[in-house]
Amino acid sequence: MLIGQGFDAHRFAPDIPLVLAGVRIEHSHGLAAHSDGDVALHALCDALLGAAGLGDIGHHFPDTDPALRGIDSRILLRRTIEALAEHGLSVINVDLTLIAQAPKLAPYIATMRQTVADDLGCIPQRVNIKATTTEQMGFAGRGEGIAALAVVLVSE
C-alpha cells in the first residue's frame, strides 16, 4: 500500500463558475486558474501522483499548455487514474478537506462524493469529503480563496 497527500489553493475571481470536486457550487465568485480551478480535484491528483511516485499535477498538466486552458479537472483526474492503472495501482480510499469561509459546502458534499467516486471507479464510501473554515483567519478566512487537502491510499 502507498500513501499520498496533496494540497492546492486558488484565489477567488469574479465572473467564473465555482467548481469543487467536480460539482458546480452557487457562489458569487469562482477560482482563478489555468484550468477550471477545482482545488479539490487538483489536490486529489497531486495526492494520487505522489502515492505512485509520479511527480505532481504541474508536471503532468502544466499551466503553460494552451490545450489545458479552462479544462474540466475531472478530465485531469481521469487521466491521473489512467496513469496509476498503467503502473498497476488502484485507489483504496480518499479523504479530502475543503477549507473555505464561504460558501457553505455541506449541501453539496453527497454529490461531490458520488462525482469523485464515479471518476475513481469506486464506491462513494471510499471517498470522504469534509469542509471546514479557518475561523476568519488567513486567506481562506478572509474570503480571498479556497484551499483543499487530500490524502489517498492506493495499492498494487
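Above this note sits the structure.
This section reports on the structure supplied with the text. (Residues numbered from 1 in each chain as written. Predicted model: local features only at pLDDT ≥ 70, side-chain atom pairs only at ≥ 80, totals over all residues. Heavy atoms only, no water.)

## A closer look at the packing of helix 3 (residues 73-86) against helix 4 (residues 109-120)
Stated formally: Orientation is described by axes fitted as lines to C-alpha atoms, over the contacting stretch for helices, and by angles from 0 to 180 degrees between their N-to-C directions. Only DSSP runs of H or I with at least four residues qualify as helices, and only runs of E with at least two residues qualify as strands; both kinds are numbered from the N terminus onward. Should an angle lie under 35 degrees it is considered roughly parallel, over 145 roughly antiparallel, and from 65 to 115 roughly perpendicular; all remaining angles are considered oblique. Contacts were defined at the residue level, with two residues in contact if any of their heavy atoms lie within 4.5 Å.
Where helix 3 contacts helix 4, the two axes come as close as 9 Å, and the packing angle between them is 40°. One way to sum up the angle between helix 3 and helix 4 is to call them oblique. Residues Arg-74, Leu-77, Arg-78 and Ile-81 of helix 3 touch helix 4, and the partners they reach there are Thr-115, Asp-119 and Leu-120.

## Quick look at the pattern of salt bridges
What counts here: What makes a salt bridge here is a side-chain nitrogen of Lys or Arg within 4 Å of a carboxyl oxygen of Asp or Glu, nothing more. Any residue under 20% of the maximum accessible area for its type is buried, any over 50% is exposed, and the rest in between are partly exposed; the area is computed with a 1.4 Å probe on protein chains only.
Enumeration over the complete set of coordinates arrives at 4 salt bridges. The closest approach of N and O atoms between Arg-74 and Asp-119, which form a salt bridge, is 2.6 Å. Of this pair, Arg-74 sits in helix 3 while Asp-119 sits in helix 4, and the two are 45 residues apart along the sequence. Its relative accessible area of 10% is what places Asp-119 among the buried residues. Where Arg-78 meets Asp-119, a salt bridge forms, and the shortest distance between an N and an O atom there is 3.0 Å. In this pair, Arg-78 is assigned in helix 3 and Asp-119 in helix 4, connecting sequence segments 41 residues apart. Owing to a relative accessible area of 35%, Arg-78 belongs among the partly exposed residues under this scheme.

## As for the sheet that holds strand 1 (residues 2-14)
Across a sheet, strands are paired by hydrogen bonds formed along the backbone, either parallel or antiparallel in direction. The following threshold applies: Pairs of strands are assigned from DSSP output, requiring at least two bridges between the strands.
Spatially, 4-1-7-5-6 is the arrangement adopted by the 5 strands of the open sheet, whose pairing is mixed. Of all the strands in the sheet, just strand 4 (29-31) and strand 6 (127-132) have a single pairing partner and so form its edges. Recorded for the sheet is a direction-independent mean angle of 20° between the axes of neighbouring strands. Contacts from helix 1 (residues 39-52) reach strand 1, strand 4, strand 5 (90-99) and strand 7 (145-155), with the element oriented near 155° to strand 1.

## Here's the deal with the pairing of strand 6
In this sheet, strand 6 lies alongside strand 5 in parallel orientation, the contact comprising 6 bridges. Note that in strand 6 the partner of Ile-99 across the bridge is Thr-132.

## Structural notes on unusual backbone geometry
The residue after Ala-102, namely Pro-103, is reached through a cis peptide bond having omega 0°. Within the fold, Pro-103 resides in the loop between strand 5 and helix 4. Its identity as a non-glycine residue notwithstanding, Glu-135 has a phi of 55°, on the positive side. Backbone geometry places Gln-136, a non-glycine residue, at a positive phi of 65°. For Gln-136, the position within the fold is in the loop between strand 6 and helix 5 (138-141). Gln-136 sits in the exposed class, given a relative accessible area of 59%.

## Brief notes about helix 4
Given 3.6 residues to a turn, an α-helix orients residues that are three or four positions apart in the same direction. For clarity, the threshold we go by: Given the number of residues in a helix, its expected span is that number minus one, multiplied by 1.5 Å.
For helix 4, with 12 residues, the first-to-last C-alpha span of 16 Å sits near the 16 Å given by 1.5 Å per residue. Within helix 4, burial applies to Ile-109, Met-112, Thr-115, Val-116, Ala-117, Asp-119 and Leu-120. Residues of helix 4 that are buried make contact with strand 2 (18-20), strand 3 (23-25), helix 1, helix 3, strand 5 and strand 6.

## Details of the nonpolar core
Heads up, the rule is: Among buried residues, the Ala, Val, Leu, Ile, Met, Phe, Trp, Tyr and Cys ones that are joined through side-chain atoms within 4.5 Å form a nonpolar core.
In terms of nonpolar packing, the biggest core is built from 49 residues, with Leu-20, Leu-44, Leu-48, Met-112, Leu-120 and Ile-129 touching the most fellow members. Of all the elements in the fold, those that place two or more residues in this core are strand 2, strand 3, helix 1, helix 3, strand 5, helix 4, strand 6 and strand 7. Excluding residues within four positions of it along the chain, Leu-44 makes contact with Leu-77, Val-94, Leu-96, Val-116, Ala-150 and Val-152.

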